[in-house]
Amino acid sequence: MKNYNKTKKSFESEEIEKYFYSKDFGETITFKELQKFTHFNLEDEYEGYKFKANVMRRVKNRLIENGYVVKSIRNVGYYILRPNQVQSYSYRTYIIKPLKSFEKAKIILMNTKKSNLNKKELVKHKLTEELNEELNNQTRDLLNSQKYNKLKVE
């Protein structure tokens, strides 16, 4: 049964991928359009989540490898980015957004109950705090450098 489901998901993702290639950059593909390619009920919240996690994750990764970047539109479907939109989307989503993760990690690490850690764990915790701080600082310095300053989204 497990092999059957894996094959079914592979077939579904291949068919959906082909469908995306048949569309133009700048087009929106709705969940209603995608419904015919999948056994998941895309009108159901839970099944829609499983579809996105199991099928669309694979599809989106393969599309990226072929120059297609799709952005999810909540409760609608997916938008195929035009080539001139890819840079700013990538910058915001995969370069700037991770900086927020550094900030969250800092808060988590600062507020850890360190009194519950043994000596070895405390050393690792401190080292992780230092690594996070260095990554945060170096990334910010790099992004604020004159060379990359013009990439800032206004």
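The structure contained in this document is the topic of the report that follows. Remember, it's a predicted structure, so these values are computed and weren't measured experimentally. (Residues numbered from 1 in each chain as written. Predicted model: local features only at pLDDT ≥ 70, side-chain atom pairs only at ≥ 80, totals over all residues. Heavy atoms only, no water.)

### Considerations on the pattern of salt bridges
Heads up, the rule is: Throughout this description, the term salt bridge denotes a Lys or Arg side-chain nitrogen within 4 Å of a carboxyl oxygen of Asp or Glu. Counting from the N terminus, the helices are DSSP H or I runs at least four residues long and the strands are E runs at least two residues long. Burial status follows relative accessibility: with a 1.4 Å probe on protein chains alone, a residue under 20% of its type maximum counts as buried, one over 50% as exposed, and anything between as partly exposed.
Counted under the stated rule, the structure contains five salt bridges. Put simply, Arg-62 and Glu-17 hold a salt bridge, and the shortest N to O gap is 2.6 Å. Here the residue Arg-62 occupies a position in helix α3 (residues 45-65), and Glu-17 occupies one in helix α1 (residues 2-21), the gap between them amounting to 45 residues. A relative accessible area of 23% means that Arg-62 is categorised as partly exposed. Residue class for Glu-17 comes out buried when judged on its relative accessible area of 11%. The residue Lys-23 makes a salt bridge to Glu-33 at a minimum N-O spacing of 3.8 Å. Here the residue Lys-23 occupies a position in the loop between α1 and β1 (28-30), and Glu-33 occupies one in helix α2 (residues 31-34), the gap between them amounting to ten residues.

### A few points about the packing of aromatic side chains
We apply this condition: Here the aromatic set is Phe, Tyr and Trp, taking the six-membered ring for Trp, and pairing holds for ring centres within 6.5 Å; pairs whose planes are under 30 degrees apart are stacked, those over 60 apart are edge-to-face, and all others are tilted.
Evaluated as defined, the whole model comprises seven aromatic pairs. Ring geometry for Tyr-19 and Phe-37: centres 4.9 Å apart, planes at 45°, overall tilted. Here Tyr-19, found in helix α1, pairs with Phe-37, found in the loop between α2 and α3; they are 18 residues apart in sequence, far enough to count as distant. Of the two residues examined, Tyr-19 and Phe-37, each falls in the buried class. Centroid distance Phe-40 to Phe-51: 6.3 Å. Interplanar angle 65°. Geometry classified as edge-to-face. One end of the pair, Phe-40, is in the loop between α2 and α3; the other, Phe-51, is in helix α3, with eleven residues separating them in the sequence.

### Considerations on the sheet that holds β1
Formally: For two strands to pair, DSSP has to find at least two bridges joining them. Think of each axis as a best-fit line through the C-alpha atoms, taken over the contacting stretch in the case of a helix, with angles from 0 to 180 degrees between the N-to-C directions.
As summarised here, the arrangement of the three strands in space is β1-β3-β2, forming an open sheet in which the pairing is antiparallel. With one partner strand each, in any of the chains shown, β1 and β2 (70-73) form the two edges of the open sheet. Averaged over all adjacent pairs, the angle separating strand axes in this sheet is 25°, with direction ignored. The sheet contact formed by β1 and strand β3 (residues 77-80) spans three bridges and is antiparallel. By the bridge assignment, Thr-30 is partnered in β3 with Gly-77.

### Overview of the layout of surface pockets
Over the atoms a probe the size of a water molecule is rolled, and this reveals where empty space is left. What counts here: Definitions used throughout: a 1 Å grid over protein atoms alone; a cavity as a set of points that fits a 1.4 Å probe which cannot get out; a pocket as an open set with protein on both sides within 12 Å along at least five of seven lines; a lining residue as one with an atom within 4 Å of a point. Grid points are joined across faces, edges and corners, and a volume is the space filled by probe spheres set on the points. As a working rule, the residues Ala, Val, Leu, Ile, Met, Phe, Trp, Tyr, Cys and Pro are called nonpolar, Asp, Glu, Lys and Arg charged, and the rest polar, with Gly in that last group.
If you add up the space inside the largest pocket, you get close to 310 Å³. Together, Phe-31, Leu-42, Glu-43, Asp-44, Glu-45, Gly-48, Tyr-49, Lys-52, Arg-74 and Asn-75 line the largest pocket. A per-element tally of the lining of the largest pocket places α3 first, with four residues. Looking at the lining of the largest pocket residue by residue, the class counts come to three nonpolar, two polar and five charged.

### A short note on the nonpolar core
Operational definition: The set of buried Ala, Val, Leu, Ile, Met, Phe, Trp, Tyr and Cys residues whose side-chain atoms join them within 4.5 Å is what this entry labels a nonpolar core. Contacts between residues were defined by any pair of non-hydrogen atoms, one from each residue, lying within 4.5 Å.
Core analysis: the biggest nonpolar cluster contains 18 residues, and Ile-16, Phe-20, Leu-34, Phe-51, Met-56, Val-59 and Tyr-78 have the highest contact counts within it. Looking at this core, the elements with two or more residues in it are α1, α2, α3 and β3. If you tally residues by element for this core, the top one is α3, at five residues. Leave out the neighbours within four places in its chain, and Phe-20 touches Ile-29, Leu-34, Met-56, Val-59, Leu-63, Tyr-68, Val-70, Tyr-78 and Ile-80.

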